[in-house]
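Coordinate analysis (summary)
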Amino acid sequence: MSLRHALLGLLSERPASGYDLLKRFETSLANVWPATQSQMYGELSKLAAAGLISVSAEGPRGRKEYTLTDEGLAELRHWLTEPKPQRNPRSDTLLRVFFLGVLTPEQARGYLIELMELSDREYEELGRLEQSIDWGDDRLSVYGRIVLEYGLRFNAMRREWADWAATQLR
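The following paragraphs examine the structure supplied in this document. Computed from a predicted model, the values in this text were never measured in an experiment.

1. What to know about the overall build of the chain
Counting its secondary structure elements, the chain contains seven helices and three strands. Ordered by position in the sequence, the α and β elements of the chain form the string α-β-α-α-β-β-α-α-α-α. Computed over its C-alpha atoms, the radius of gyration of the chain comes to 20 Å, more than 25% above the 15 Å expected for a compact globule of 170 residues. Across its three principal directions, the C-alpha atoms of the chain cover 65 × 35 × 30 Å. When the 170 residues of the chain are sorted by exposure, 26% land in the buried category. In the chain, once contacts between residues fewer than 6 apart in sequence are set aside, the share between residues at least 24 apart is 57%. Looking at the chain as shown, the accessible area adds up to about 11700 Å², and 54% of this sits on carbon and sulfur atoms. One way to put it: in the chain the 22 positive side-chain charges average out to a point 3 Å from where the 25 negative ones average out.

Structure follows, in structure tokens:
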């Protein structure tokens with residue numbers, strides 16, 4: 001996935017300004033694909049230059065509202081259906097676990113306990129996010145809730161696994 005496709009996906013719902021996209025991004029996609037404001041505005045410029053979005057309105061202080069073009073929708077659909085998702089096997093967390101044997105068992109358990117606590121915090125944060133959103137029956141709400149549920153289940157699984165792993169250390 002790329003920021004490009006995330007922005008095209010958000011614009012498939014409705015036109016939006018960079019500011020609006022940033023806010024929608026923060027409450028929906030930031031948990032699965034973080035991006036900074038400068039990255040988003042840079043990507044919007046690239047998308048416009050490529051003809052995948054267009055500026056549909058300009059307001060005060062240089063505010064621009066962007067609209068997905070037919071070419072942008074075609075690119076989004078192509079990305080969703082043609083290339084297979086890349087499996088990203090890299091995990092800093094698991095790489096560290098693999099080498100915990102160089103630490104004392106207490107230090108290794110400490111790392112796993114921190115991972116449990118991180119999982120608990122992220123689970124609680126996602127729970128608060130779930131409660132704070134006015135969910136509708138629009139596409140972003142339906143699929144956003146599905147992604148949020150993945151995050152909840154992932155954090156619950158990671159916590160359970162880290163707890164089990166800590167008991168395996170002698």
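From this point, the narrative continues.
2. Examining the packing of aromatic side chains
Evaluation of the coordinates by the stated rule reveals two aromatic pairs. Geometrically, the ring pair formed by Tyr 150 and Phe 154 is stacked, given 6.2 Å between the ring centres and 15° between the ring planes. On the criterion of helical spacing, the pair formed by Tyr 150 and Phe 154 is a turn pair, its members being four residues apart in helix H7 (residues 139-167).

3. Quick look at the packing of helix H1 (residues 3-13) against helix H2 (residues 18-28)
Between H1 and H2, the least distance of the axes is 11 Å, while the angle of their chain directions is 105°. The pairing of H1 with H2 is recorded here as roughly perpendicular in orientation. Here H1 contributes Leu 3, Ala 6, Leu 7, Leu 10, Leu 11 and Glu 13 to the contact with H2, which in turn contributes Leu 21, Arg 24, Phe 25 and Ser 28. Here the contact of H1 with H2 is built from residues that sort into seven nonpolar, one polar and two charged.

4. Focus on the environment of Ser 17
Counting through the fold element by element, Ser 17 comes out in strand E1 (residues 16-17). Taking relative accessible area as the criterion, Ser 17 reaches 1% and is therefore assigned buried. It is 9.9 Å that separates the C-alpha atoms of Ser 17 and Leu 44, two residues lying 27 residues apart in sequence. Each residue touching Ser 17, except ones within four places of it in the same chain, is listed here: Arg 63, Lys 64, Glu 65 and Tyr 66.

5. Thoughts on the environment of Trp 135
Within the secondary structure layout, Trp 135 lies in the loop between helix H6 (105-132) and H7. Each C-alpha atom of the pair Trp 135 and Ser 38 lies 28 Å from the other, and the pair is 97 residues apart in sequence. Ignoring anything within four residues of it in the chain, the contact list for Trp 135 reads Glu 130, Ser 141, Gly 144, Arg 145 and Leu 148. At 2.8 Å, the side chain of Trp 135 and the backbone oxygen of Glu 130 are in polar contact.

6. What about the pairing of strand E2 (residues 53-58)?
Note: E2 against strand E3 (residues 64-68), five bridges, orientation antiparallel. Residue pairing in the sheet places Ile 53 in a bridge with Leu 68 of E3. In this antiparallel pair of consecutive strands, E2 and E3, the connection spans five residues, and Arg 61 shows a positive phi of 60°.

The rules we used
Residues numbered from 1 in each chain as written. Predicted model: local features only at pLDDT ≥ 70, side-chain atom pairs only at ≥ 80, totals over all residues. Heavy atoms only, no water. Helix = DSSP H or I, 4+ residues; strand = E, 2+ residues; numbered from the N terminus. Rg over C-alpha atoms; globule rule 2.2 N^0.38 Å. Buried < 20%, exposed > 50% of the residue type's maximum accessible area, 1.4 Å probe, protein only. Contact = heavy atoms within 4.5 Å. Areas by Shrake-Rupley, 256 points an atom, 1.4 Å probe, with all protein chains shown as cover. Lys, Arg positive; Asp, Glu negative; His and termini not counted. Charge placed at Lys NZ, Arg CZ, Asp CG, Glu CD. Phe/Tyr/Trp six-rings, centres within 6.5 Å; stacked < 30°, edge-to-face > 60°. Axes fitted to C-alpha atoms, helices over the stretch in contact; angles between N-to-C directions. Parallel < 35°, antiparallel > 145°, perpendicular 65-115°, else oblique. Nonpolar A, V, L, I, M, F, W, Y, C, P; charged D, E, K, R; others polar. Polar contact = N/O pair within 3.5 Å; in protein donor to acceptor, adjacent residues only side chain to side chain. Pairing = 2+ DSSP bridges.

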